[in-house]
Amino acid sequence: MHNVARTTGPAAAAEDTGQMPALFDRAEGDAAPRGRRRTSGPDYEQIQRSPQFRSLRSRFRRFVFPMSIGFFVWYLAYVVLAAYAGEFMSTPVFGLVNVGMLLGLGQFVTTAVITALYVRFADREMDPRAAEIRAQATPVTEGTPQ
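These notes cover the structure that comes with them. (Residues numbered from 1 in each chain as written. Predicted model: local features only at pLDDT ≥ 70, side-chain atom pairs only at ≥ 80, totals over all residues. Heavy atoms only, no water.)

What to know about the packing of aromatic side chains
Now for step 1: In this structure the tally under the stated criterion is four aromatic pairs.
Now for step 2: For the pair Phe60 and Tyr118, a centre-to-centre distance of 6.4 Å together with 80 degrees between the ring planes defines the contact as edge-to-face. One end of the pair, Phe60, is in helix α3 (residues 51-84); the other, Tyr118, is in helix α5 (residues 99-136), with 58 residues separating them in the sequence.
Now for step 3: A relative accessible area of 32% places Tyr118 in the partly exposed class.
Now for step 4: Their ring planes at 45 degrees and their centres at 5.9 Å tell us that Phe63 and Tyr118 sit as a pair that is tilted. You can see Phe63 sitting in helix α3 and its partner Tyr118 sitting in helix α5, a full 55 residues away along the chain. (Phe/Tyr/Trp six-rings, centres within 6.5 Å; stacked < 30°, edge-to-face > 60°. Helix = DSSP H or I, 4+ residues; strand = E, 2+ residues; numbered from the N terminus. Buried < 20%, exposed > 50% of the residue type's maximum accessible area, 1.4 Å probe, protein only.)

Set out below in structure tokens:
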């Protein structure tokens with residue numbers, strides 16, 4: 001479905017070729033940069049190679065991956081029960097509330113609990129270590145290739 005909605009005005013050259021117009025043209029004398037260059041800020045590649053950053057990343061993964069897998073298994077169990085154990089899910093607990101409704105609400109509760117646990121984990125473990133790494137980072141000066 002190419003060009004479904006045509007405009008009534010004249011077509012621009014970029015529309016005829018199908019190419020996007022250049023938003024930031026270089027002046028004729030400007031050469032393209034040879035490598036990634038940055039004007040200032042921390043040396044991110046040095047930070048990534050540091051043992052402190054690797055330790056931080058490892059600690060983050062040891063929290064996030066098991067938590068994500070656990071929640072995924074819990075969610076998948078809920079979906080499978082809803083699909084294949086309709087009689088169990090429709091078992092009344094009290095009044096019009098059944099097991100399926102309680103497990104469904106449990107999904108929301110679990111999400112809130114995981115969020116609170118992560119915020120607490122980040123405040124106690126991740127943020128102080130990240131601030132320490134940031135404070136130790138050497139800045140990059142203008143024109144230094146990365």
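Brief notes about the pattern of salt bridges
Now for step 1: All chains considered together, the criterion is met by one salt bridge.
Now for step 2: The shortest N-O distance in the salt bridge between Glu125 and Arg59 comes to 3.3 Å. With a gap of 66 residues between them, Glu125 in helix α5 and Arg59 in helix α3 connect regions that are remote in the sequence.
Now for step 3: A relative accessible area of 30% means that Glu125 is categorised as partly exposed. (Salt bridge = Lys/Arg side-chain N within 4 Å of Asp/Glu carboxyl O.)

The values reported here are purely geometric and, on their own, carry no functional implication.
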